Amino acid sequence: MTKPKYKRVVLKLSGEALAGEQGYGINPKIIKSIAGQIKEVAEMGVEVAVVVGGGNIWRGKVGSEMGMDRATADYMGMLATVMNSLALQDSLEQLGIGTRVQTSIEMRQVAEPYIRRRAIRHLEKKRVVIFAGGTGNPYFSTDTTAALRAAEIEAEVILMAKNNVDGVYTADPLKDKSAKKFDELSFLDVIKDGLQVMDSTASSLCMDNDIPLIVFSIMEEGNIKKVVLGENIGTVVRGKTNDKASNR
Ligand code: UDP
């Protein structure tokens with residue numbers, strides 16, 4: 001069997017990825033497929049931590065546009081990520097994969113609180129760890145959470161799973177037919193050119209901590225495995241300088 005390229009990864013799943021075409025809520029077929037793909041790489045011995053978004057249920061920005069207090073609306077978004085995380089945990093457990101959900105906002109009846117050393121211990125024991133609740137702070141995103149947790153647990157890469165694109169393009173490929181896909185680019189390019197990869201806080205955190213990111217489509221079965229094996233699907237976004245990043 002080919003050896004995985006990475007030992008420890010953070011997989012970022014947006015809420016949208018769980019919703020599928022319906023765009024809202026959780027699509028049982030899709031979450032099952034994603035859980036199956038995670039199982040595949042976990043069984044290869046890769047330590048997998050997952051950061052789950054909440055946009056399929058609630059986004060803070062929408063609430064604040066409706067006139068709600070932004071922080072309150074953001075806390076609702078963080079709670080939405082907990083619902084998605086529990087759904088993913090359930091799907092993984094149905095496939096026989098040991099998991100722990102850790103929340104950044106304490107809710108001990110539901111899941112463990114986030115404790116960095118404990119998360120690392122679970123990963124070493126080959127449990128899939130799901131980080132729920134984002135960073136626990138309003139005004140942040142789950143992309144930033146992925147960058148933060150990846151730095152904290154010393155993951156080698158962030159795998160950013162997309163449901164509607166298969167990489168980073170010069171323009172939105174769904175709207176602009178002439179848009180071209182990048183094979184590789186730097187976080188500086190992402191920030192400078194305002195590319196829709198992740199928000200600038202998350203990009204800066206990845207850049208400053210030299211954490212590479214791979215953007216790819218999760219809609220094809222087996223893609224997480226391909227990425228973990230080092231196949232060139234999607235787009236690689238590297239740290240500050242390509243030289244430094246390629247040494248990782
Ligand atoms: N959120 C937050 N702080 C965080 C992470 C998330 O306030 O650290 C809130 C924010 O309102 C956001 C919502 O949770 O809109 C859902 O997260 P996100 O938009 O990142 O989910 P995704 O787009 O990945 O589905």
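Conventions we followed
Residues numbered from 1 in each chain as written. Predicted model: local features only at pLDDT ≥ 70, side-chain atom pairs only at ≥ 80, totals over all residues. Heavy atoms only, no water. Phe/Tyr/Trp six-rings, centres within 6.5 Å; stacked < 30°, edge-to-face > 60°. Helix = DSSP H or I, 4+ residues; strand = E, 2+ residues; numbered from the N terminus. Lys NZ or Arg CZ within 6 Å of the ring centre and 35° of its normal. UniProt positions renumbered as here; feature names shortened; annotations may be inferred. Buried < 20%, exposed > 50% of the residue type's maximum accessible area, 1.4 Å probe, protein only. Contact = heavy atoms within 4.5 Å.

Counted under the stated rule, the structure contains one aromatic pair. With a centroid separation of 5.4 Å and an interplanar angle of 85°, the aromatic rings of Y114 and F131 are classed as edge-to-face. Of this pair, Y114 sits in the loop between strand 4 (112–113) and helix 5 (116–124) while F131 sits in strand 5 (residues 128–132), and the two are 17 residues apart along the sequence. When the ring centre of Y114 is taken as reference, the NZ or CZ atom of R149 above it lies at 3.6 Å.

What follows covers the UniProt feature "binding site: UMP" (unreviewed entry) in the protein chain. UniProt feature "binding site: UMP" (unreviewed entry): in the numbering of this structure it lies at G54, D74, T135, G136, N137, P138, Y139, F140, S141 and T142. Look at the named residues: they lie 89 residues apart in sequence, but the longest C-alpha span between them is just 14.1 Å, so in the fold they bunch up. Relative to the elements of secondary structure, P138 occurs in the loop between strand 5 and helix 6 (142–153). Mapped onto the fold, Y139 is located in the loop between strand 5 and helix 6. On the basis of relative accessible area, Y139 is assigned to the exposed category, the value being 55%. Those residues within four positions of Y139 in sequence are excluded, and the remaining contacts are R70, A71 and D74.

Once that is clear, we can look at the UniProt feature "binding site: ATP" (unreviewed entry) in the protein chain. Per the UniProt annotation, the sites labelled "binding site: ATP" (unreviewed entry) are K12, L13, S14, G15, G55, R59, N163, Y169 and D172. The greatest C-alpha distance among the annotated residues, which extend across 161 residues, is 24.3 Å, indicating that they are dispersed rather than converging on a single site. When you line up the elements, L13 lands in strand 1 (residues 8–13). Apart from the residues lying within four places of it in its own chain, the contact partners of L13 are L18, I34, V50, V51, V52, G53, L88, A161 and I218. Relative to the helices and strands, G15 resides in helix 1 (residues 15–19). Excluding residues that lie within four positions of it along the chain, G15 makes contacts with G53, G54, G55, N56 and N84.

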